[in-house]
Amino acid sequence: MTNELEYHQQLLPLSRAELVDKLRHAMKKKRFDHVLRVEETAIELAKENGVDLELASIAALCHDYAKQRPDQDFIATIKEKHLDPVLLNYGNAIWHGVVGAELVADELGCHDQRILDAVRQHTVGAPYMTKLAQIVYMADYIEPGRDFEGVELARQVTHQSLAKGVALQTKQTLMYLVSTGKPVYPTTLATYNAWVPSNGKED
Ligand SMILES: [Fe+2]
Ligand SMILES: [Fe+2]
């Protein structure tokens, strides 16, 4: 995929090409390719939902920036920045979004809260998510490389209604965590309560 998007809004001190280059060095090829597909899907969803394409591109590209960092980087950040100590009971699956946003701010120089919230919320959601945050959350789930059972339905639902996509993914995630006996980060449960009962009733 060639992406001709040029950044004009000074949301971070890098061009798209420079950002992509940093990401290429911050992660393995498989994850880097995933990140590019998430960006592609996020741009599609942004067009469908009237969201700024530059915001969608940057948030999608940055969403897994910290995914391959060692645990100690996250633990140090949680302590230094006095983030919720409950985070220490979890691991990379939660940290790379919630704590990863801090590394995106500090290391990539992005201080736009809309982008940072989208990165922060991509693993656990939030009771209130902007359209941008919903887009990153869903693009991560339905990008063309995903092939889990039900992904085609998730794609259809999301292109029809972003909010219904958020509800569907959130419900699936909670069911997976419960059925495998994994801990549920409190925000994941709050996301479920905010999005699923209200979006599951009518259809
Ligand atoms: Fe992620
Ligand atoms: Fe991802």
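Residues numbered from 1 in each chain as written. Chains lettered and ligands numbered in written order. Predicted model: local features only at pLDDT ≥ 70, side-chain atom pairs only at ≥ 80, totals over all residues. Heavy atoms only, no water.

Visitor: In this structure, what is going on with the UniProt feature "domain: HD" (unreviewed entry) in the protein chain? I would like to understand it.
Guide: Those places that UniProt annotates as "domain: HD" (unreviewed entry) correspond, in this numbering, to residues 31-145. Secondary structure content for residues 31-145 is 66% helix and 0% strand, and the end C-alpha separation is 11 Å. (UniProt positions renumbered as here; feature names shortened; annotations may be inferred. Helix = DSSP H or I, 4+ residues; strand = E, 2+ residues; numbered from the N terminus.)

Visitor: What exactly am I supposed to notice about the coordination of the iron ion (ligand 2) here?
Guide: Note on the iron ion (ligand 2): its protein donors are His 34 (NE2), His 63 (NE2), Asp 64 (OD) and Asp 140 (OD). The metal-donor distances range over 2.1 to 2.2 Å. Its four donor atoms give the iron ion (ligand 2) angles of 82 to 176° at the centre, a pattern that matches the irregular case. Within one chain, the residues donating to the iron ion (ligand 2) are spaced in sequence as H-x28-H-D-x75-D. Here the iron ion (ligand 2) and the iron ion (ligand 1) are spaced 3.4 Å apart, with Asp 64 acting as a shared donor. With a relative accessible area of 0%, His 63 lands in the buried category. Overall, Asp 64 belongs to the buried group, its relative accessible area being 3%. (Donors = N, O, S within 2.8 Å, 3.2 Å for Na, K, Ca; no water. Tetrahedral: all angles 85-135°; square planar, octahedral: opposite > 155°, others 65-115°. Buried < 20%, exposed > 50% of the residue type's maximum accessible area, 1.4 Å probe, protein only.)

Visitor: Where do I start with the state of the cysteines in this structure?
Guide: In protein chemistry, a disulfide is the covalent bond that joins the sulfur atoms of two cysteines. Summed over all chains, the structure comprises zero disulfides. This cysteine, Cys 62, is not joined by any disulfide, and Cys 110 carries the nearest cysteine sulfur, 6.0 Å off. (Disulfide = S-S within 2.5 Å.)

Visitor: What should I look at first to understand the packing of aromatic side chains in this one?
Guide: Two aromatic rings, taken as a pair, are described by how far apart their centres are and by the angle between their planes. Evaluated as defined, the whole model comprises three aromatic pairs. With a centroid separation of 5.0 Å and an interplanar angle of 85°, the aromatic rings of Tyr 90 and Tyr 185 are classed as edge-to-face. Of the two residues, Tyr 90 is situated in the loop between helix 4 (71-80) and helix 5 (92-98) and Tyr 185 in the loop between helix 10 (162-179) and helix 11 (186-200); the sequence distance between them amounts to 95 residues. The pair formed by Tyr 90 and Tyr 185 is uniform in burial state, with each residue classed as buried. An angle of 45° between the planes, with centres 4.8 Å apart, marks the rings of Tyr 141 and Phe 148 as tilted. Under the relative-accessibility criterion, Tyr 141 is labelled buried at 13%. Taking the relative accessible area as the measure of exposure, Phe 148 reaches 29% and is therefore partly exposed. (Phe/Tyr/Trp six-rings, centres within 6.5 Å; stacked < 30°, edge-to-face > 60°.)

Visitor: So what exactly am I meant to see when it comes to the coordination of the iron ion (ligand 1) here?
Guide: Expected angles at a metal are 109.5 degrees for tetrahedral coordination by four donors and either 90 or 180 degrees for octahedral coordination by six donors. Those donors, Asp 64 (OD), His 96 (NE2) and His 122 (NE2), are the protein atoms that reach the iron ion (ligand 1), and they lie 2.1 Å from it. Judged by its relative accessible area of 3%, His 122 falls in the buried class.

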